[in-house]
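Structural overview for review
Here are the chains, one letter per residue:
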Amino acid sequence: MPEALVPIADNVWLYPADANGNRVEPNVGVIATGRGTVLVDAGNSPRHARRIAHALNAAQLPPVSHILYTHHHWDHVFGAQVFSAPAVAHELSRELLLERAARPWSYTFIEEEIRRNPATEAMYMAMHRAIDDWHGFYVVVPSLTFTHGLTLHVDGMRFDLEHVGGQHAPDSVVVRVGGVAFVGDCYYKPVQMNRTVESTSDRALAARLLADESIRYYVDGHTPTPQPRAEFARFTEA
């Protein structure tokens, strides 16, 4: 389990994804703005988020002031309640998370959902492994949303959020800050996919992300190391 922050650029770190994919613990971006800390995503559970908070404290970073969601999927947002900070996301994320916030989260609810739709078993059981105690759990719904893009200034640091969509989630957002692009799960690496219409679309999106020459590193949702431009560019190759 990662317990330390990985530096990427000035005042920008990564709390890396767990190498054990069964834990479904994705990357979380960490940006110190001076008086506060901005997170890109929030971890998959309160337990995951508390480990992230411990790493922030160990690095003597200021309290979390904002959480920027790359998309609405549970493994990226279900830890947000630990930080008591407002969340920012695409307007579709808010709609989807309002619906999820209204669900009666508990192990009984998960069992009922699996019985109703057995195809969801893997997802719900991963969720339950991450959140072993549902008492007091709640979903943090974004309080600030946007449609196409948003530029957020926090203590003099600039965050550019762009809605890109993609095959993985229609609300996917890319966050650019300090020469780093946090791309979440907006595309899947072609090397992990068959040559389908979807993978071609994902390659095109990844290629578009390379168009911003100010970006030196790319961080996707589940690769536990930042990717330099040259490495990221390989994923766009046919």
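Rules behind the numbers
- Residues numbered from 1 in each chain as written.
- Predicted model: local features only at pLDDT ≥ 70, side-chain atom pairs only at ≥ 80, totals over all residues.
- Heavy atoms only, no water.
- Pairing = 2+ DSSP bridges.
- Helix = DSSP H or I, 4+ residues; strand = E, 2+ residues; numbered from the N terminus.
- Phe/Tyr/Trp six-rings, centres within 6.5 Å; stacked < 30°, edge-to-face > 60°.
- Buried < 20%, exposed > 50% of the residue type's maximum accessible area, 1.4 Å probe, protein only.
- Axes fitted to C-alpha atoms, helices over the stretch in contact; angles between N-to-C directions.
- Contact = heavy atoms within 4.5 Å.
- Salt bridge = Lys/Arg side-chain N within 4 Å of Asp/Glu carboxyl O.
- Parallel < 35°, antiparallel > 145°, perpendicular 65-115°, else oblique.
- Nonpolar A, V, L, I, M, F, W, Y, C, P; charged D, E, K, R; others polar.

Moving on: the sheet that holds strand 10 (residues 173-177). Judged by pairing direction, the sheet is mixed, and its 6 strands sit side by side in the order 8-9-10-11-12-13 without closing on themselves. On the outer flanks of this sheet lie strand 8 (149-154) and strand 13 (227-228), each paired with one strand and no other.

Glancing now at the packing of aromatic side chains. Taken as a whole, this structure holds 9 aromatic pairs when the rule is applied. Considering the side-chain rings of Trp105 and Trp134, the 5.4 Å spacing of their centres and the 10 degrees angle between planes classify their relative orientation as stacked. Taken together, the residues span a long stretch of sequence, with Trp105 in the loop between helix 3 (91-101) and helix 4 (107-116) and Trp134 in the loop between helix 5 (121-130) and strand 7 (144-146) at a distance of 29 residues. Taken as a pair, Trp105 and Trp134 share a single burial class, namely buried.

The next subject is the sheet that holds strand 6 (residues 87-90). Reading across from one edge, 1-2-3-4-5-6-7 is the order of the 7 strands in this open sheet, with mixed pairing throughout. Sheet topology places strand 1 (6-9) and strand 7 at the edges, where each strand pairs with a single neighbour. Strand-to-strand twist across the sheet, computed as the mean angle between neighbouring axes with direction ignored, equals 25 degrees. When strand 1 meets strand 2 (residues 12-15), the two strands line up antiparallel, connected through 3 bridges. The partner of Ala9 across the bridge, within strand 2, is Val12. Together, strand 2, strand 3 (28-32), strand 4 (37-40) and strand 5 (64-68) form the strand contacts of helix 1 (residues 46-58), whose direction differs from that of strand 2 by roughly 140 degrees. Packing against the sheet, helix 3 makes contact with strand 6 and strand 7, and its axis sits at approximately 110 degrees to strand 6.

Here the focus is the pattern of salt bridges. Throughout the structure, instances matching the rule amount to 11 salt bridges. Among the ionic pairs, Arg47 bridges to Asp132, the shortest N-O distance being 3.3 Å. Of this pair, Arg47 sits in helix 1 while Asp132 sits in the loop between helix 5 and strand 7; the two residues are 85 residues apart in sequence, bridging distant segments of the chain. Note that Arg176 is salt-bridged to Glu162, the shortest N-O span being 2.8 Å. Linking Arg176 in strand 10 with Glu162 in strand 9 (residues 157-163), this pair joins segments that are 14 residues apart in sequence.

Between helix 4 and helix 5, the shortest axis-to-axis distance is 9 Å and the interhelical angle comes to 170 degrees. Classified by the angle their axes make, helix 4 and helix 5 are roughly antiparallel. Contacts from Tyr107, Ile110, Glu113 and Ile114 in helix 4 reach Glu121, Tyr124, Met125 and His128 in helix 5. Of the residues that constitute the contact of helix 4 with helix 5, the class distribution is 5 nonpolar, 1 polar and 2 charged.

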